[in-house]
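If you want the building blocks of each chain, they are given just below.
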Amino acid sequence: MDWQREDAGGKTVALAIVRLPAKVPVTDIRYAGPILTNPGGPGGSGVEQILRAGKMTQYIVDEDMDSNATHVVEDNRKYHDIISWDPRSIGFSTPNVQCFPDSLSRDAWFMQNEAIGLLGSSEDSWLRNWYRAKALAEGCSTIHGEGPDGSEAFIEHVNTVAVVRDMLEIIERHAEWVEKEGGCEQAIRDEIHGYDQAQSIAERTRWVHGAEKLKYWGNSYGTLIGQTFASMYPSRVGRMILDGVVDAQEYYYGPWMANLQDSDKILDRFFAYCAEAGPDLCTYYSPGGADTIRAEYKRLLADIFDHPIGVPSTPTRGPDVITWSDVKSTVRLGMYMPIAFFPIISELLADIGRGNGSLMADFKQSMHGSGISCPSPECKLAGPYTPACNAAGSNNYDASIAILCSDLDASFADTNETGFQVYWHALQQQSSVLGDWWAHTRL
């Protein structure tokens, strides 16, 4: 667990690693090695990313020629294994950071969060969010802190630096495995075709101890992992794609004020595109251009702040109340993924503008996933409020806050109520669309 220990003692972690094999054997002359990926977060599962989008990643990075072609040359070495993993404390890696005794109590916490609303959603939302965050942090630190026997605190070893060192080990162990595969294939070829003086397969697959190069594709927080790797092990970088780059200096040392400068411009583009598209293509369209649509949106926010919309139940969904926080949180998705969410936001805002809200209620339910499920046999046997009742992969939120808090510079993380309010209000001035929501990431 602690790579700095010089003895063989201490706790260990078990990483969940998944590999989408290359389209050619690792002994093939066209094999180009592994590419590691990370989906971001922190808290995102690399295992889930490979299962969901591994083949698309491989399609993008690989040679577009037929992998079954019989005529191959050295220049065509462009077929890759796609590898990812659940970083420490996340998903199927063990141990997990679990800040709740079971999945049900975590779901209840999230429902309370939704009921309280975002910062700025009511007069008391600030204090209730502040003290809830404080209680969560103190409880999680106690659960995963130093053991009664003085053993290592797991929560102190889930930071990005430890994750980067794990990556180094992954590429070394993969190279060791490839060398073994190459040795076996070389022996078979020698037996069938006679001894190869050049030992071409064995040489091509030789493990370069302590010098293997990383190929990596990281998104969002995954770009911070890539930057940290490059800073710690510059000589071990082969190639990197960093997509949606995090400012590493800002992330580690604060004050987290460099993330929202252009956020409101994205919402402005939504209004402009809606005006250009017209009523047939944008359901939130209003005659008068982008300024008119923007004014309609501001009126909608003001109205729903004072008068939330009650939505009756249906055969597939329970009753709901659409609030100012719901609108702000949903519009936030469009700022992050405008191509995917602009059309959805248009429909949802139009429905709310008509005083309905049923589409938003349906959307909220779809975003919540399957919700509470039946307890597993292990949970039934162990009883409620036990680790067996924490569903696998349910701790992304727990892991996210643990990684963020362990990464931050201590002087940045040690903020009192007054200091945080100053920070929050500065973000509000910086971005009306995301300031309230982004402040939550530092609570």
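Residues numbered from 1 in each chain as written. Predicted model: local features only at pLDDT ≥ 70, side-chain atom pairs only at ≥ 80, totals over all residues. Heavy atoms only, no water.

*Asks:* Any chance you could explain the nonpolar core here in plain terms?
*Replies:* Nonpolar side chains in soluble globular proteins generally cluster together in the buried interior. With 78 residues, the main nonpolar core has L36, M167, Y284, Y297 and V327 as its most contacted residues. Per-element accounting of this core gives the leading share, seven residues, to helix α11 (residues 338–353). With residues near it in sequence (within four places) discarded, V327 still touches Y297, L300, L301, I304, L349, I352 and M360. Within the second largest apolar cluster, nine residues are counted, among which are V18, L20, I50 and I82. (Core = buried A, V, L, I, M, F, W, Y, C linked by side-chain atoms within 4.5 Å. Buried < 20%, exposed > 50% of the residue type's maximum accessible area, 1.4 Å probe, protein only. Helix = DSSP H or I, 4+ residues; strand = E, 2+ residues; numbered from the N terminus. Contact = heavy atoms within 4.5 Å.)

*Asks:* Would you take a moment to explain the sheet that holds strand β2 (residues 31–38) for this structure?
*Replies:* Picture the strands of a sheet paired through backbone hydrogen bonds; they go either parallel or antiparallel. Read across the sheet, five strands follow the order β1-β3-β2-β4-β5 without closing on themselves; strand pairing throughout is mixed. Lying at the two open borders of the sheet, with one neighbouring strand each, are β1 (16–20) and β5 (237–243). The sheet shows a mean angle of 20° between the axes of neighbouring strands, taken without regard to direction. Pairing analysis gives six bridges linking strand β4 (residues 214–219) to β5, with the strands arranged parallel. Bridge pairing links L214 to V237 in β5. In the packing of helix α4 (residues 160–193) onto the sheet, the strands contacted are β1, β2, β3 (79–86) and β4, and the crossing angle to β3 comes to about 140°. (Pairing = 2+ DSSP bridges. Axes fitted to C-alpha atoms, helices over the stretch in contact; angles between N-to-C directions.)

*Asks:* Hey, could you run me through the pairing of β2 in this one?
*Replies:* In regular strands, side chains alternate between the two faces of the sheet. Here β2 lies mainly inside the structure; eight of its eight residues are buried. Here five bridges tie β2 to β3, and the two strands are oriented parallel to one another. The residue of β3 that forms the bridge with L36 is I83. As defined by bridge partners, β2 adjoins β4 across three bridges and the pair is classed as parallel. Looking at β4, one finds that L36 is bridged to Y216.

*Asks:* Would you mind going over the side chain of E172 with me for this structure?
*Replies:* Here E172 is to be found in helix α4. Engagement of the side chain of E172 in a polar contact is seen with the backbone nitrogen of E212, the distance being 3.5 Å. Apart from residues no more than four positions distant in its own chain, E172 is found in contact with W207, V208, H209, G210, A211, E212 and R236. (Polar contact = N/O pair within 3.5 Å; in protein donor to acceptor, adjacent residues only side chain to side chain.)

*Asks:* Is there a simple way to think about the packing of helix α8 (residues 263–277) against helix α9 (residues 290–306) in this case?
*Replies:* Any two packed helices are characterised by how steeply their axes cross, that is the angle between the axes, and by the distance between the axes. The interhelical angle for the contact between α8 and α9, taken along N-to-C directions, is 120°, at an axis separation of 8 Å. Judged by the inter-axis angle, α8 sits oblique to α9. Of the two possible hands of crossing, α8 and α9 adopt the one that is right-handed. Taking contact as the criterion, the partners of L267, D268, F271, A272, C274 and A275 in α8 are, on α9, A290, I293, R294 and Y297. (Parallel < 35°, antiparallel > 145°, perpendicular 65-115°, else oblique. Left-handed = near helix turned anticlockwise from the far one by under 90°.)

*Asks:* Help me out: how do you make sense of unusual backbone geometry in this one?
*Replies:* The bulk of non-glycine residues show a negative phi, and the bulk of peptide bonds are trans. That bond from G41 to P42 is cis: its omega, 0°, falls within 30 degrees of zero. Omega for the peptide link from G254 to P255 comes to 10°, which places this bond in the cis form. Locating P255 in the fold gives a position in the loop between α7 (248–253) and α8. Of note in this structure, S220 is not a glycine but carries a positive phi near 55°.

*Asks:* Which parts of the structure should I look at to understand the state of the cysteines?
*Replies:* By definition, a disulfide links two cysteine residues through a covalent bond between their sulfur atoms. The tally for this structure, following the rule as stated, stands at three disulfides. Two residues share a disulfide in this structure: C99 and C140, whose sulfurs sit 1.9 Å from each other. What sets the handedness of the C99 and C140 disulfide is the S-S torsion sign, and at about -55° it is left-handed. Taken together, the residues span a long stretch of sequence, with C99 in the loop between β3 and α2 (103–116) and C140 in helix α3 (residues 125–143) at a distance of 41 residues. C99 sits in the buried class, given a relative accessible area of 9%. Paired through a disulfide, C379 and C389 show a sulfur-sulfur distance of 1.9 Å. Torsion about the S-S bond of the C379 and C389 cystine: about 95°, corresponding to right-handed handedness. Taken together, the positions of C379 in helix α13 (residues 377–382) and C389 in the loop between α13 and α14 (396–407) put the pair ten residues apart, joining distant regions of the chain. Pair check on accessibility: C379 and C389 agree, each one buried. (Disulfide = S-S within 2.5 Å.)

*Asks:* Mind showing me how you'd approach a nonpolar patch on the surface here?
*Replies:* A cluster of nonpolar side chains, namely M56, Y59 and I60, defines an oily patch on the protein surface of about 380 Å² accessible area. Locating Y59 in the fold gives a position in helix α1 (residues 46–61). (Patch = residues over 30% accessible without salt bridge, like charges linked within 9 Å, V, L, I, M, F, W, Y side chains within 5 Å. Areas by Shrake-Rupley, 256 points an atom, 1.4 Å probe, with all protein chains shown as cover. Salt bridge = Lys/Arg side-chain N within 4 Å of Asp/Glu carboxyl O.)

*Asks:* Hey, could you run me through the environment of E250 in this one?
*Replies:* Among the structural elements, E250 can be located in helix α7. Taking the relative accessible area as the measure of exposure, E250 reaches 10% and is therefore buried. Sequence separation between E250 and C274 is 24 residues, and the spatial gap between their C-alpha atoms is 34 Å. Excluding residues that lie within four positions of it along the chain, E250 makes contacts with P255, W256, M257, A258 and N259.

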